[in-house]
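# Coordinates in review
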Amino acid sequence: MKENTKKHLDRLMERYPSLNACRDDIERAFELIAADLASGGKILVCGNGGSAADAQHIVGELMKGFLKSRPLPDDVKRSIEDADGERGRYIASKLQGALPAIALVGQDAFFTAFANDVDASLVFAQQVYALGNKYDVLIGISTSGNSANVIDALYVAKAVGVDTVGLTGRSGGKMDGICDITIKVPANDTPDVQEFHMPVYHTLCAMLEEELI
């Protein structure tokens, strides 16, 4: 881990001292996700309700500049510029480096079709089966750790060789026995757990950006 990467984690602990209880798991989750991305993998994220919004928030921070501007590599810029002169130069100047991530909560046409034709509880599991590959990682978010559709997705991820990270509350719930790494924030009530989840995943996004971009 780069020194600047570690500073993001240190800052999180300074601002939220109670998160020291799960510091090791946050660091382990970062290392797992960073290794998968460096190997050509991508991140899949799922959750329900507020956690669905968190899933989309995470993807938003990864797919574009978060704390850094992320200019494209020179060779990529040249290829885009060569493709279409003036417009290519504009595109190359605006695009940003990205960490590939997909929120499994935003596929409305698929959701309604699968829910109507098959089983609404398996919409995350079906997407993991369709999209998941070696070196990918699934981040499952559940404040209780017991969300059935998230757990089903985690089981499928394990079956197809996708790494798994859980983001939960203090008990970890059923997810704690399924995920490769479970980050259990020190809270029990849903709003309190969600308030901890945001600074945790913001820090993970900042660390991944610092390390890989």
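Small disclaimer: the values here were computed from a predicted structure and weren't measured.

## Quick notes on a nonpolar patch on the surface
A contiguous nonpolar patch, built from Y90, I91 and L95 and spanning about 260 Å² of accessible area, is present on the exposed surface. Assignment of secondary structure puts I91 in helix α5 (residues 85-94). On the basis of relative accessibility, which here comes to 32%, the residue I91 falls in the partly exposed class.

## Considerations on the pattern of salt bridges
Going through the model one piece at a time under the given rule, you end up with eight salt bridges. For D176, the salt bridge goes to K184, with nearest N and O atoms at 3.1 Å. A relative accessible area of 32% means that D176 is categorised as partly exposed. Residue classification places K184 among the partly exposed residues on the basis of a relative accessible area of 27%. In this structure, a network of salt bridges that share partners links the residues K6, D10 and R23.

## A closer look at the UniProt feature "domain: SIS" (unreviewed entry) in the protein chain
Here the UniProt feature "domain: SIS" (unreviewed entry) sits at residues 33-213. Between the end C-alpha atoms of residues 33-213 there is a gap of 14 Å, over a span that is 53% helix and 12% strand.

## Things to note about unusual backbone geometry
In terms of backbone geometry, most residues other than glycine have negative phi values and most peptide bonds are trans. In this model, R70 sits at a positive phi of 55°, which is unusual for a non-glycine residue. Tracing the chain through its elements places R70 in the loop between α3 (50-62) and α4 (74-83). We classify R70 as buried; its relative accessible area is 1%. Positive phi is not limited to glycine here, since Y135 has a value of about 80°. On the secondary structure map, Y135 appears in the loop between α7 (123-131) and β3 (137-141). The partly exposed category is assigned to Y135, whose relative accessible area is 36%.

## A few points about helix α1 (residues 3-15)
Under the 1.5 Å per step criterion, the end-to-end length of α1 is 19 Å for 13 residues, consistent within 8% with the ideal 18 Å. Taken as a whole, α1 has its buried residues at T5, H8, L9, L12 and M13. In an axial view of α1, the angular spread of the buried residues amounts to 135°, which keeps them on one side of the axis. In α1, those exposed residues whose orientation departs by more than 90 degrees from the buried face are E3 and E14. In this fold, the buried residues of α1 make contact with α2 (23-38) and α9 (190-212).

Criteria and cut-off values
Here the residue numbers are simple positions, counted from 1 along each chain's written sequence. In view of the model being predicted, local features appear only for residues whose pLDDT reaches at least 70, and side-chain atom pairs are presented and counted only at 80 or more, with totals across whole chains, interfaces and linings using the full set of residues. Excluded from the side-chain calculations are hydrogens and water; all other atoms, namely the structure's heavy atoms, are used. In this scheme, patches are assembled from residues that exceed 30% relative accessible area and form no salt bridge. Like charges are connected within 9 Å, while nonpolar side chains (Val, Leu, Ile, Met, Phe, Trp, Tyr) are connected within 5 Å. Areas reported here follow the Shrake-Rupley algorithm with a probe of radius 1.4 Å; residue values treat only the protein chains shown as occluding. The term salt bridge refers to a pairing of a side-chain nitrogen on Lys or Arg with a carboxyl oxygen on Asp or Glu at a separation within 4 Å. By definition, any uninterrupted DSSP run of H or I lasting at least four residues is a helix, any uninterrupted run of E lasting at least two residues is a strand, and each is numbered from the N terminus. Exposure is judged per residue with a 1.4 Å probe applied to protein chains only, and the accessible area is read against the type maximum: over 50% gives exposed, under 20% gives buried, and values in between give partly exposed. UniProt positions are given in the numbering used here, feature names are shortened, and annotations may be inferred rather than shown by experiment. By this rule, a helix spans an expected 1.5 Å times one less than how many residues it contains. Here the arc refers to the set of directions running from the helix axis out to each C-beta atom. In what follows, a contact means two residues having at least one pair of non-hydrogen atoms within 4.5 Å.

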